[in-house]
Amino acid sequence: MQKITHSVLDLLPSGPAPLRVLVIETSRLLPEIRSKLPNANITAVTEYDAVTEAQELKALDVTWALLDYRTQPLPFDAGAFDLIVAEPVLTYALDPYDLLLALGRQLTDVGTLVTAFRNIRYHGVLELLMRGEFPERERHLYAKAEVVRLLNDTLYKEIAFAPGEQDDPASGAAFAAMGFDDTSRDLATAVWLVQAARSTAAVANLKSLYKKETRKQLARLLHRIEYDVDRAENIAALKTLCTREGIFPEYLEDFIRETVVHPERIPTPPAPLSEGGGPEGQGESPVRHCNL
């Protein structure tokens, strides 16, 4: 089997949506990002003046921020971006935990971070360690489980991995025979790509259909009903809200499952409050692998 090679581009959405995109030290991919997202509002961060003057990037309608993301705070408002493309940040971050927290603050509550990391369990690294060598000075290497912990600790809700650079699966066979776990051909993978979302797919669906104020009011009414606070009054207010805002029963059922601790205390949603179908599915498991 030939070596598999993918880039963070393969984890990006495509289409006409006017997404707000932050690209951090991944400027070489800007032409392809613009091609995939022709209407995006793209902001790019780099510490190198020469990058901002590159002729091939000048026609891409990119806003530049000249700074070192490792040592300087990002000069953007909280929730300013729908998507962050930051291929090298885990590899070169001075403090990965603080940096992931900072990037999370830049995303909307349904935003996504796309990045990558070098795998310390790659057979090539293990072979060097067997010889007492580890020629890494500036770059961080990680095990996948550690990246999952980092992202969980920094409040990302759904994580997906895909191979960035992966050798023939037989390349890790010797270490697998020694007892090394080789789930998803981890021992053959030099680079993993990562997609980390601020919300699960189910919650993102819920947040995409109604305004924040409507969702906030809906959650408040449901919690009051759940804990039997002025129950009849709040059930009536819930019906009024659903009718006024066009909240259909399928959406209400999904919202109850995602936000209420004791859903059995909430009465069955009333007969159709509006026409239409609700969000489909309940999202995927917190950690998954992408087939590219």
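Source: prediction; values computed, not measured.

## Observations concerning helix α10 (residues 231-245)
- For α10, built from 15 residues, the straight-helix expectation of 21 Å at 1.5 Å per residue is met to within 8% by its first-to-last C-alpha distance of 21 Å.
- N234, I235, L238, L241 and C242 are the residues of α10 that are buried. One face of α10 carries all of its buried residues, which in axial projection span an arc of 120 degrees. For α10, the exposed residues set more than 90 degrees away from the buried face come down to A232, E233 and R244.
- In this fold, the buried residues of α10 make contact with α9 (212-226) and α11 (249-259).
- Once α10 ends, the next one or two residues include G246, with phi positive near 70 degrees.

## Topic: the side chain of T52
- Relative to the assigned elements, T52 resides in helix α2 (residues 49-52).
- T52 sits in the buried class, given a relative accessible area of 19%.

## Let's talk about the confidence of the model for the protein chain
- Of all residues in the protein chain, 89% have pLDDT values of 70 or greater, and the mean over the chain is 88.
- Confidence over residues 270-285 falls short of pLDDT 50; this stretch has 33 contacts with residues more than four positions distant or in other chains.

## Re the pattern of salt bridges
- Tallied over the full model, the rule gives 13 salt bridges.
- One salt bridge in this structure joins E87 and R28, with 2.7 Å as the shortest N-O distance. With E87 in the loop between β5 (81-85) and α3 (89-92) and R28 in the loop between β2 (20-24) and α1 (30-36), this residue pair connects regions lying 59 residues apart in the sequence.
- One salt bridge in this structure joins R121 and D186, with 2.5 Å as the shortest N-O distance. Here the residue R121 occupies a position in the loop between β6 (107-119) and α5 (123-130), and D186 occupies one in the loop between α7 (173-177) and β9 (189-197), the gap between them amounting to 65 residues.
- Residue D186 is classed as buried on the basis of its relative accessible area, which comes to 5%.
- The network of salt bridges with shared partners includes E47, D68 and R70.

## Some details on the packing of aromatic side chains
- The tally for this structure, following the rule as stated, stands at eight aromatic pairs.
- With centroids separated by 5.2 Å and ring planes inclined at 90 degrees, the aromatic side chains of F76 and F81 adopt a geometry described as edge-to-face. Each of the two residues, F76 as well as F81, counts as buried.
- A ring pair is formed by F161 and W192, whose centres lie 6.3 Å apart and whose planes are at 75 degrees; its orientation type is edge-to-face. Linking F161 in strand β8 (residues 158-166) with W192 in strand β9, this pair joins segments that are 31 residues apart in sequence. An identical accessibility class is assigned to F161 and W192; each is buried.
- Members of the aromatic cluster, joined through ring pairs, are F117, Y142, F161 and W192.
- A cation over an aromatic ring shows up here: K144 above the ring of F161, its NZ or CZ 5.5 Å from the ring centre.
- Positioned above the aromatic ring of W192 is the side chain of K144, whose terminal nitrogen or guanidinium carbon lies 3.8 Å from the ring centre.

## Examining the nonpolar core
- I24, V45, L74, I84 and L103 are the most contacted members of the largest nonpolar core, which has 32 residues in total.
- Looking at this core, the elements that each hand over two or more residues are β2, β5, α3, α4 (96-106), β6, α6 (144-153), β8 and β9.
- Of all the elements, α6 adds the most residues to this core, at four residues.
- Excluding anything up to four places from it in sequence, L103 contacts I24, L74, I84, V89, L113 and Y156.
- In this structure, A40, L57, L141 and V191 belong to the second largest nonpolar core, which totals 28 residues.

## Points about the packing of α4 against α6
- One way to put it is that α4 packs onto α6 with a least axis distance of 9 Å and a crossing angle of 50 degrees. Classed by the angle they form, the pair α4 and α6 counts as oblique. For the element pair α4 and α6, the recorded crossing hand is right-handed. Contacts between α4 and α6 pair P96, Y97 and L100 from the former with L150, L151 and D153 from the latter.
- Grouping the constituent residues of the contact of α4 with α6 by class yields five nonpolar, no polar and one charged.

Thresholds applied
- Residues numbered from 1 in each chain as written.
- Predicted model: local features only at pLDDT ≥ 70, side-chain atom pairs only at ≥ 80, totals over all residues.
- Heavy atoms only, no water.
- Helix = DSSP H or I, 4+ residues; strand = E, 2+ residues; numbered from the N terminus.
- Expected span 1.5 Å × (residues − 1).
- Buried < 20%, exposed > 50% of the residue type's maximum accessible area, 1.4 Å probe, protein only.
- Arc of directions from axis to C-beta.
- Contact = heavy atoms within 4.5 Å.
- pLDDT = per-residue confidence, 0-100.
- Salt bridge = Lys/Arg side-chain N within 4 Å of Asp/Glu carboxyl O.
- Phe/Tyr/Trp six-rings, centres within 6.5 Å; stacked < 30°, edge-to-face > 60°.
- Lys NZ or Arg CZ within 6 Å of the ring centre and 35° of its normal.
- Core = buried A, V, L, I, M, F, W, Y, C linked by side-chain atoms within 4.5 Å.
- Axes fitted to C-alpha atoms, helices over the stretch in contact; angles between N-to-C directions.
- Parallel < 35°, antiparallel > 145°, perpendicular 65-115°, else oblique.
- Left-handed = near helix turned anticlockwise from the far one by under 90°.
- Nonpolar A, V, L, I, M, F, W, Y, C, P; charged D, E, K, R; others polar.

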